[in-house]
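Chain by chain, the residues:
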Amino acid sequence: MYIHLIITITSSIILQLNTPITGSQNEIIHNYWEHIQSLIKQSEEIRADETLNKGRYSRTINKKYPFDLFRSLTSRELIRACREGIKSAKDEGKLKNWSEEETLLKCEENISYVLEYCGILIEKSSEIDHLIHCIGAEQEEPEIRLFLLNQSIPDKNSNSLFGIHFQTLINNRKDEYQKILFAIVTRVNEIPKIQIAGMDALYSFLLRQYQKCVEKDPIYQAYAVEKNEVIKPIWVENPQIPKPIDSTQMEISKLNHQLNEFIVQLDLRIQNKQHLNESVVSKSKEILEKIYNNLPVPAQKKERLKTVLSK
C-alpha cells in the first residue's frame, strides 16, 4: 500500500513537470503580439517558481527554460508579432500623445521583446533567410527592417541577445545577406535611414570578410610575428609586405570586385546629391573615407576616392 502511494505521487509530479506550458498545440492564435506577451508572463512565473523552490528539484532533466516557450513559433510568426507589436506601440503613442521619438523607441522595445530568443531557436536555413529577406523587403514595416539591420552589425552598443545570435546565423548565409545589403544600397527610392544603415552594414560586412581572409594567411601571420604588428586588410595594397598565398589572393580578388561595386554605388550617391537626401550623401562620403583608410583599393581607384573626398 505504501509503495503504491509513493508510485502514485511520483507519477503525479512527473506528469506535472512534463505538462506542456504553452497550452494546446491546436490553439488558434489571433494576435501573436498578445500571445508573445502571455509567453513572457509565463517565463516570469517560471523564474519566480524556480526561485521559490530553489534546490527542491535538482534534476535538470525537468528544468524549464523561458525560451522553451517559443519553440513552436516560426520566424514568420515572430515577424507577424513584431508588426502587431508596432501597431500596439503606435496606438499607445496616439492615446498618450507621445512624440515621434517616444513612439519609435516603444516600437523598438516591442520588436526586441518579441525576437529576444529567436536567434537561439532557429535551426533551418529558410528561417534565417526569412529574417534576412525582411531587411530588404520594401513592403515590410520600416521599424522591423531597421531593427534587423542594426542587430546584424557587430560591436553595436544596441546589440541584444537576439543580435548576437543573429550575427552568427548570418555568417552561415553570407551570400544571401550580402545580396540584400547591395539591394538596399543601390535602390533609388529606398527609405533614407534604412539606406544609411544598409551602408554601415555592408561596410562592416566587407571589412570583416577582408579581415578573416588576411588573418588566416600564413605569409601575413609570419610577417605579423616578425614585425610585431597586427594584421590589417590594408596590407594587401602595400608592396613592401610579402604577397599572400595564391588561395588568399583569389579570395581577395573576389572581395575586391564586391568592394568596387560598393564604391561605384557610393560615388553615384555623391555625384547625384541634388536628387538625394542630404544624410544619405553625407553617409556615402563617410563610408568612402573609411574604405580609403582601411581597405585595399587599387591605385587608380584610390586617386579617384581622394578627389571625391577632397570636395
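Just so we're clear, the structure is a prediction, and the values are computed from it rather than from any experiment.

Trainee: Residues and numbers for the overall build of the protein chain, please.
Mentor: When helices and strands are counted, the protein chain shows 14 helices and zero strands. Taking the intrachain contacts of the protein chain between residues at least 6 apart in sequence as the baseline, contacts between residues at least 24 apart amount to 67%. Of the roughly 18,500 Å² that the protein chain leaves accessible, carbon and sulfur atoms contribute 52%.

Trainee: Describe the packing of aromatic side chains, naming the residues involved and giving the relevant values.
Mentor: Counting across every chain of the model gives six aromatic pairs. The interplanar angle of 20 degrees and the centroid separation of 5.0 Å between the aromatic rings of F162 and F166 together place this pair among those described as stacked. Residue F162 and its partner F166 are both found in helix α8 (residues 161–171); the two are separated by four residues, about one turn of the helix. Take F162 and F166: they sit in the same class, and that class is buried. Taking 5.6 Å as the distance between ring centres and 70 degrees as the angle between the ring planes, the aromatic pair formed by Y177 and F205 counts as edge-to-face. Linking Y177 in helix α9 (residues 174–186) with F205 in helix α10 (residues 192–215), this pair joins segments that are 28 residues apart in sequence. The burial state of Y177 is the same as that of F205; both residues are buried. One aromatic cluster is present, built from ring pairs that chain together F147, F162 and F166.

Trainee: I'd like to hear about the side chain of S160, residue by residue, with values.
Mentor: One can find S160 in the loop between α7 (142–151) and α8. Setting aside anything within four residues of it in sequence, one finds S160 in contact with S112, E116 and Q151.

Trainee: Could you give me a rundown of unusual backbone geometry, with the residues and numbers involved?
Mentor: The phi torsion at N97 lies on the positive side, around 55 degrees, for a residue other than glycine. Tracing the backbone through its elements, the reader meets N97 in the loop between α3 (75–95) and α4 (100–115). N97 sits in the exposed class, given a relative accessible area of 69%.

Trainee: Describe the packing of α9 against α10, with residues and values.
Mentor: Running from N to C, α9 and α10 cross one another at 140 degrees; their axes reach a closest spacing of 9 Å. On the basis of their axis angle, the class for α9 and α10 is oblique. Along this stretch, α9 crosses α10, giving a crossing that reads as left-handed. Across the interface between the two elements, K174, Y177, Q178, L181, F182, I184 and V185 from α9 touch I194, Q195, G198, M199, A201, L202, F205, L206 and Q209 from α10.

Trainee: Pulling in residues and values, what's your account of the nonpolar core?
Mentor: Residues F70, L115, F262 and I291 are the most contacted members of the largest nonpolar core, which totals 76 residues. Per-element tally for this core: the top contributor is α10, with 12 residues. Sequence-distant contacts of F262, defined by excluding residues within four places in its chain, comprise F182, V185, M199, L202, Y203, L206, I287 and I291.

Trainee: Requested: an account of the pattern of salt bridges, with residues and values cited.
Mentor: Opposite charge on two side chains allows them to pair when their charged atoms are near. Counted under the stated rule, the structure contains 16 salt bridges. As a salt-bridge pair, K96 and E92 come within 2.8 Å of each other at their nearest N and O atoms. Take K96: its relative accessible area is 48%, and that puts it in the partly exposed class. Linking E190 and R187 is a salt bridge whose minimum nitrogen-to-oxygen distance equals 2.7 Å. Under the relative-accessibility criterion, E190 is labelled buried at 8%. Looking at R187, the relative accessible area reads 18%, which means it is buried. Ionic contacts of the salt-bridge type, sharing partners, join the residues E138, R145, R187 and E190 into one network.

About the thresholds
- Residues numbered from 1 in each chain as written.
- Predicted model: local features only at pLDDT ≥ 70, side-chain atom pairs only at ≥ 80, totals over all residues.
- Heavy atoms only, no water.
- Helix = DSSP H or I, 4+ residues; strand = E, 2+ residues; numbered from the N terminus.
- Contact = heavy atoms within 4.5 Å.
- Areas by Shrake-Rupley, 256 points an atom, 1.4 Å probe, with all protein chains shown as cover.
- Phe/Tyr/Trp six-rings, centres within 6.5 Å; stacked < 30°, edge-to-face > 60°.
- Buried < 20%, exposed > 50% of the residue type's maximum accessible area, 1.4 Å probe, protein only.
- Axes fitted to C-alpha atoms, helices over the stretch in contact; angles between N-to-C directions.
- Parallel < 35°, antiparallel > 145°, perpendicular 65-115°, else oblique.
- Left-handed = near helix turned anticlockwise from the far one by under 90°.
- Core = buried A, V, L, I, M, F, W, Y, C linked by side-chain atoms within 4.5 Å.
- Salt bridge = Lys/Arg side-chain N within 4 Å of Asp/Glu carboxyl O.

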